[in-house]
Amino acid sequence: QSTWGIRLSPFFMNMLSRCTNRITLLCSQRLRWSSSNSYRNPYAGSQNSRPPFPNYTFHILGVAGVAGGLFYWANLKPVEITGRKRFIIVSPEFERRLGQQAYEQILAQEARNILPKTHPLSKKISDVGARIAKVSGLTDTKWEFTVIDSPMLNAFVLPGGKVCVYTGLFKAMPDDDSIATVLAHEVGHVVARHAGERVSISGLGTILLLVVRMFIDIPINLDFLYQAAFELPKSRKMELEADYIGLKLMTRACFRPSEAPKVFARLAELNKGSNMVPFLSTHPSDSTRIRNFGKFMDKATADYETRCQRQVNQFFSAVQRAPEPVVDMDWGMENQDPWAVPSDDKLWK
């Protein structure tokens with residue numbers, strides 16, 4: 001049994017050996033190509049011709065590559081609610097400390113612009129946020145909802161449940177359901193631990209780029225290529241995942257899911273004229289997010305009606321069926337509770 005708790009059978013060890021040999025062979029072919037280039041190897045064509053690296057270098061690279069792949073595979077963990085497998089190596093406690101430090105910096109920087117807790121907008125955000133947080137399943141998270149007076153159309157969340165909303169975003173949030181759309185999206189990031197995933201992937205990418213620069217001379221901007229080909233698409237995927245998780249959370253909290261695409265339709269109108277190139281953006285376009293909501297809206301609406309509308313109907317039905325108190329000859333009164341509502345715990349699981 002290996003360090004990561006993976007049982008390695010003889011068949012698997014044989015396949016691992018073949019993969020290592022194959023990687024070594026490919027690297028050796030790349031070395032011969034590089035050695036034939038007079039610019040890369042000044043000794044090419046002479047009796048003193050020699051490879052720029054010892055022969056065992058690519059054996060080490062092959063073993064390191066396979067070991068790195070195993071390490072990556074061993075640290076793939078499923079996301080809550082969606083089940084997507086992602087690479088994450090940091091602990092929740094590390095994420096909370098990271099979020100707390102960033103939150104304290106923001107409070108210091110925006111001290112003059114933070115609305116007091118007694119402000120109507122702060123109360124509204126806190127009330128709606130509390131309902132979303134209650135159904136998130138993160139019982140040990142200390143949620144804090146802060147409103148910053150700024151015309152920016154933005155909201156964000158820090159690890160550990162620190163949610164900040166700019167007042168400019170209220171242009172797209174006229175009611176509780178639209179506010180719930182935004183807050184549930186931010187809570188969804190915490191549920192999925194997207195911050196920890198970003199930190200883990202960033203560290204892995206840094207090591208990968210360092211190794212590439214050490215052994216391969218490519219006349220292109222590797223940082224830009226890595227971001228455009230990997231980091232930015234990953235970020236957009238996380239945003240869509242947070243949209244999906246948020247849609248489920250706001251439905252569990254009995255906010256109307258049909259309001260979610262309307263919020264992004266308003267944002268699209270407010271952001272009209274933006275020249276952001278889609279593949280260089282950290283977020284998907286508003287139209288993409290609206291289409292993505294459409295994939296799950298029927299199911300979310302049915303879930304909303306089952307969980308929430310049925311409870312409302314049961315309540316009013318119970319009130320209508322409640323008998324009038326009957327007074328007997330002894331002026332006693334029957335023990336009737338007209339506010340008793342039939343419970344259905346299965347609806348809330």
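Please read these numbers as outputs of a predicted model, since none were measured by experiment.

Chemist: So what exactly am I meant to see when it comes to helix 5 (residues 176-192) here?
Modeler: It helps to recall that an α-helix has 3.6 residues per turn; residues three or four apart then point in one direction. Taking 1.5 Å per residue, 17 residues should reach 24 Å; helix 5 reaches 24 Å between its end C-alpha atoms and fits that length. Counting buried residues along helix 5, 16 of its 17 residues qualify, which places the element largely inside the surrounding structure.

Chemist: What is the right way to look at the side chain of Arg-289 in this model?
Modeler: In this structure, Arg-289 sits in helix 9 (residues 286-321). For Arg-289, a relative accessible area of 6% gives the class buried. Once residues within four sequence positions are removed from consideration, Arg-289 is found in contact with His-185, Glu-239, Leu-240, Asp-243, Phe-264, His-283 and Pro-284.

Chemist: So what exactly am I meant to see when it comes to the packing of aromatic side chains here?
Modeler: What describes a pair of aromatic rings is the distance from one ring centre to the other and the angle between the planes of the rings. Inspection of the entire model under this criterion finds seven aromatic pairs. An angle of 10° between the planes, with centres 6.3 Å apart, marks the rings of Trp-143 and Phe-145 as stacked. The pair formed by Trp-143 and Phe-145 is uniform in burial state, with each residue classed as buried. Connected via pairs of aromatic rings, a cluster forms that spans Phe-71, Tyr-72 and Phe-87. Cation over ring: Arg-131 sits above Phe-255, and NZ or CZ is 3.9 Å from the ring centre.

Chemist: I would appreciate a short explanation of the pattern of salt bridges in the present structure.
Modeler: Pairing between side chains of opposite charge can happen when the charged atoms of each approach one another. Applying the stated rule across the entire model yields 15 salt bridges. Notably, a salt bridge pairs Glu-241 with Arg-84, separated by 2.9 Å at the nearest N-O pair. A residue pair is termed long-range when its members are at least 10 positions apart, and Glu-241 in helix 7 (residues 222-252) and Arg-84 in the loop between strand 1 (76-78) and strand 2 (85-87) qualify at 157 residues. One network of salt bridges, with partners in common, ties together Arg-84, Glu-197, Lys-234 and Glu-241.

Chemist: Please explain a nonpolar patch on the surface as it appears in this structure.
Modeler: A surface patch of nonpolar side chains, about 470 Å² in accessible area, is lined by Phe-224, Met-276, Val-277, Phe-279 and Leu-280. Along the chain, the position of Phe-279 falls in the loop between helix 8 (260-270) and helix 9. Overall, the relative accessible area of 47% leaves Phe-279 in the partly exposed class.

Chemist: I tried to follow the nonpolar core on my own but got confused; where do I start?
Modeler: Generally speaking, soluble globular proteins have nonpolar side chains that are buried together. By size, the foremost hydrophobic cluster in this structure holds 39 residues, and its most contacted members are Ile-125, Ile-132, Val-165, Leu-183 and Met-250. Contributions of two or more residues to this core are made by helix 4 (120-134), strand 3 (144-148), strand 4 (155-158), strand 5 (162-166), helix 5, helix 7, helix 8 and helix 9. For this core, the element with the highest residue contribution is helix 5, accounting for nine residues. Excluding anything up to four places from it in sequence, Leu-183 contacts Ile-125, Val-128, Gly-129, Phe-145, Val-163 and Val-165.

Quick notes on the rules
- Residues numbered from 1 in each chain as written.
- Predicted model: local features only at pLDDT ≥ 70, side-chain atom pairs only at ≥ 80, totals over all residues.
- Heavy atoms only, no water.
- Helix = DSSP H or I, 4+ residues; strand = E, 2+ residues; numbered from the N terminus.
- Expected span 1.5 Å × (residues − 1).
- Buried < 20%, exposed > 50% of the residue type's maximum accessible area, 1.4 Å probe, protein only.
- Contact = heavy atoms within 4.5 Å.
- Phe/Tyr/Trp six-rings, centres within 6.5 Å; stacked < 30°, edge-to-face > 60°.
- Lys NZ or Arg CZ within 6 Å of the ring centre and 35° of its normal.
- Salt bridge = Lys/Arg side-chain N within 4 Å of Asp/Glu carboxyl O.
- Patch = residues over 30% accessible without salt bridge, like charges linked within 9 Å, V, L, I, M, F, W, Y side chains within 5 Å.
- Areas by Shrake-Rupley, 256 points an atom, 1.4 Å probe, with all protein chains shown as cover.
- Core = buried A, V, L, I, M, F, W, Y, C linked by side-chain atoms within 4.5 Å.

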